[in-house]
Amino acid sequence: MTDNHSMMALGDELNREFDRLVDIQNSQRIIDKELYKKYDVKQGLRDTKTGRGVLTGLTEIAEVIGSVDENGERKPCAGLLQYRGYDVYNLLEHRGTERYQFEKATYLLLYGELPDEQELAGFLNILASLRVLSGSFVRDVIMKAPSENIMNALMKSVLTLYSYDENPDDISLSNVMRQSLQMIAKIPMIAVYGYQAYRHYAKVLDLIIRQPRKDYSTAENILRMIRTDGEFTDLEAAVLDVALVLHADHGGGNNSTFTDHVVTSSGTDTYSAIAASIASLKGPRHGGANLRVQMMFEDLKKNCDWKTDSGVEEYLVKITNKEAFDRTGLVYGMGHAVYTISDPREVILKGMAEKLAKEVGREEEFALYDRVERLSKDMIMEKHKGRKPVCANVDMYSGLVYDMLGIPKEMYTPIFAIARISGWCAHRLEELQNQGKIIRPAYMYVGERKVMPELYRHGDS
């Protein structure tokens with residue numbers, strides 16, 4: 001076989017053999033959950049007693065705070081997110097009135113300090129000069145075999161950039177810095193072009209390929225290049241700019257950034273490390289969470305009176321009882337592994353979402369999201385007595401914001417990747433600079449120990 005088509009192409013006999021292998025795999029024993037307790041295994045690298053992540057490394061890039069020590073005991077607190085020691089609330093103090101906030105945050109994550117006016121101008125010039133993709137790359141890599149999932153298109157393109165690099169395997173700090181700046185600049189363009197290619201070939205719509213403007217921010221270029229008319233308001237650009245800042249990093253322990261550290265520790269090239277991080281972020285339990293939120297709200301609107309507290313409350317009861325939506329019992333957009341009282345990203349983005357809703361005439365819809373947040377918080381706590389406090393997370397409003405900005409669902413997770421590339425690059429540089437050991441945790445074997453069949457013990461084949 002030379003393609004990915006059905007196994008039916010193999011013929012009946014080989015299909016029966018394939019089905020036999022599937023049956024064997026399905027019959028494999030599931031590891032007894034009690035063994036995890038017996039051997040004190042930290043599933044998901046989380047402490048089962050405290051729920052906190054297991055400490056696996058040190059970083060100076062970002063800190064995520066959801067609780068504080070009080071007399072030797074951890075107590076929930078209002079959430080804080082800090083980049084290089086700066087609180088994001090302070091970083092975004094002038095949100096909506098300044099351009100290039102994402103670029104400033106990127107500079108901070110990479111270099112440890114906020115840029116002055118001259119340093120920012122130089123940094124912006126570097127990014128602007130690196131944004132443009134060659135016509136051959138767009139034609140031969142992005143336009144050929146476009147993918148419905150833009151995250152896969154991103155991975156393919158990032159890995160192919162390796163072939164366009166004269167020194168792809170050089171992991172000296174100066175070379176990795178060059179590669180990092182190129183990807184920070186180019187990944188937004190690759191994502192948008194990847195979407196436009198999919199839109200054109202799969203949906204038979206007009207192909208819109210615009211070159212980025214050098215005087216535009218990352219947020220402004222995304223809106224210009226993804227919209228049919230290329231137009232946007234100052235508030236729309238400011239909202240997307242803030243969203244990019246809030247998603248730029250979240251400490252070293254989140255799944256995709258930890259993946260970046262793990263892969264980087266092996267000594268591999270930058271393109272492989274970033275592609276691995278994108279692969280992690282693609283997962284619906286990580287970067288795809290805001291899509292689940294949007295799907296839940298679409299289902300809610302169809303199945304209850306969503307303009308009243310009583311109607312929404314009735315739906316949420318069904319959700320928590322596993323009787324509605326995907327029957328997992330989860331209210332998507334609520335709860336976080338670290339934040340308890342509040343998620344600072346959600347607090348900031350919610351404020352921007354409210355402003356945008358007023359500008360585009362979607363106040364009723366914003367009120368629905370606020371209603372779900374307010375009603376579900378107490379409901380979840382009541383359902384899970386003794387559990388830590390529950391707050392809305394950033395995914396509650398990010399999907400709504402993207403929808404109000406006219407960004408298609410196919411681009412929701414890629415927008416996350418566009419932002420997080422700054423954090424990934426900063427963490428990769430930190431891992432290389434500190435020359436840490438290869439990251440290699442342990443797995444304990446708990447399967448059966450069998451006697452080798454006579455055939456193989458005699459070395460026959």
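Throughout what follows, the structure given in this document is the object of discussion. (Residues numbered from 1 in each chain as written. Predicted model: local features only at pLDDT ≥ 70, side-chain atom pairs only at ≥ 80, totals over all residues. Heavy atoms only, no water.)

### Side note on the overall build of the protein
So, step 1. What the protein contains, in helices and strands, is 19 helices and 3 strands.
So, step 2. Taking 461 residues into account, the globule formula puts the C-alpha radius of gyration at 23 Å, and the protein, at 24 Å, falls close to it.
So, step 3. Out of the 461 residues in the protein, the part that is buried amounts to 47%.
So, step 4. Looking at the protein alone, contacts between residues at least 24 apart form 71% of all its contacts between residues at least 6 apart.
So, step 5. Summed over all atoms, the accessible surface of the protein reaches about 24200 Å², with 50% contributed by carbon and sulfur.
So, step 6. Positive and negative charge centroids in the protein, built from 58 and 67 side chains respectively, lie 3 Å apart. (Helix = DSSP H or I, 4+ residues; strand = E, 2+ residues; numbered from the N terminus. Rg over C-alpha atoms; globule rule 2.2 N^0.38 Å. Buried < 20%, exposed > 50% of the residue type's maximum accessible area, 1.4 Å probe, protein only. Contact = heavy atoms within 4.5 Å. Areas by Shrake-Rupley, 256 points an atom, 1.4 Å probe, with all protein chains shown as cover. Lys, Arg positive; Asp, Glu negative; His and termini not counted. Charge placed at Lys NZ, Arg CZ, Asp CG, Glu CD.)

### Remarks on helix α5 (residues 117–131)
So, step 1. The terminal C-alpha atoms of α5 lie 21 Å apart, and with 15 residues this matches the ideal 21 Å at 1.5 Å per residue to within 8%.
So, step 2. Looking at α5, one finds that the buried residues are Leu-120, Phe-123, Leu-124, Leu-127, Ala-128, Leu-130 and Arg-131. Down the axis, α5 shows its buried residues gathered within 165 degrees of arc, on one side only. Turned more than 90 degrees off the buried face of α5, the exposed positions are Gln-118 and Asn-125.
So, step 3. Those residues of α5 that are buried are in contact with α4 (101–111), α8 (173–203) and α9 (218–226).
So, step 4. The N-capping residue of α5, defined by a side-chain oxygen 3.1 Å from the backbone nitrogen of Gln-118, is Asp-116. (Expected span 1.5 Å × (residues − 1). Arc of directions from axis to C-beta. Polar contact = N/O pair within 3.5 Å; in protein donor to acceptor, adjacent residues only side chain to side chain.)

### So, the pairing of strand β1 (residues 62–70)
So, step 1. In this sheet, strand β2 (residues 73–83) lies alongside β1 in antiparallel orientation, the contact comprising 8 bridges. Directly across from Ser-67, in β2, lies its bridge partner Pro-76. (Pairing = 2+ DSSP bridges.)

### Remarks on the sheet that holds strand β3 (residues 86–87)
So, step 1. Sheet architecture is open: 3 strands sit in the order β1-β2-β3, paired in antiparallel fashion. At either margin of the open sheet sits one strand with a lone partner, and together these are β1 and β3.
So, step 2. Direction of pairing for β2 relative to β3: antiparallel, over a ladder of 2 bridges. Its bridge partner being in β3, Tyr-83 is matched across the sheet by Tyr-86.

### Thoughts on the packing of aromatic side chains
So, step 1. On inspection of all chains with the given rule, the structure shows 11 aromatic pairs.
So, step 2. Ring geometry for Tyr-107 and Phe-123: centres 5.3 Å apart, planes at 85 degrees, overall edge-to-face. Taken together, the residues span a long stretch of sequence, with Tyr-107 in helix α4 and Phe-123 in helix α5 at a distance of 16 residues. Here the two residues Tyr-107 and Phe-123 agree in accessibility, since each one is buried.
So, step 3. Through successive ring pairs, a cluster of aromatic residues spans Phe-297, Phe-366, Tyr-369 and Tyr-397.
So, step 4. The aromatic ring of Tyr-332 is capped on one face by Arg-292, whose charged end is 5.4 Å from the ring centroid. (Phe/Tyr/Trp six-rings, centres within 6.5 Å; stacked < 30°, edge-to-face > 60°. Lys NZ or Arg CZ within 6 Å of the ring centre and 35° of its normal.)

### What to know about the environment of His-261
So, step 1. For His-261, the position within the fold is in helix α11 (residues 255–265).
So, step 2. Expressed as a C-alpha distance, the spacing of His-261 and Asn-175, which sit 86 residues apart in the sequence, is 18 Å.

### Side note on helix α14 (residues 309–320)
So, step 1. Helix length check: α14, at 12 residues, gives a terminal C-alpha distance of 16 Å against a target of 16 Å (1.5 Å per residue), a fit within 8%.
So, step 2. Of the positions making up α14, those classed as buried are Gly-311, Val-312, Tyr-315, Leu-316, Ile-319 and Thr-320. The buried residues of α14 occupy an angular sector of 165 degrees when projected down its axis, which confines them to one face.
So, step 3. Against the buried residues of α14 lie α13 (289–303) and α16 (363–383).
So, step 4. Positioned one or two residues after α14, Lys-322 has a phi angle of 60 degrees, which is positive.

### Digging into a nonpolar patch on the surface
So, step 1. Together, Tyr-39, Val-41 and Met-444 line one region of the surface with nonpolar side chains, adding up to about 260 Å² of accessible area.
So, step 2. Mapped onto the elements, Tyr-39 comes out in the loop between α2 (33–38) and β1.
So, step 3. Classification of Tyr-39 as partly exposed rests on a relative accessible area of 36%. (Patch = residues over 30% accessible without salt bridge, like charges linked within 9 Å, V, L, I, M, F, W, Y side chains within 5 Å. Salt bridge = Lys/Arg side-chain N within 4 Å of Asp/Glu carboxyl O.)

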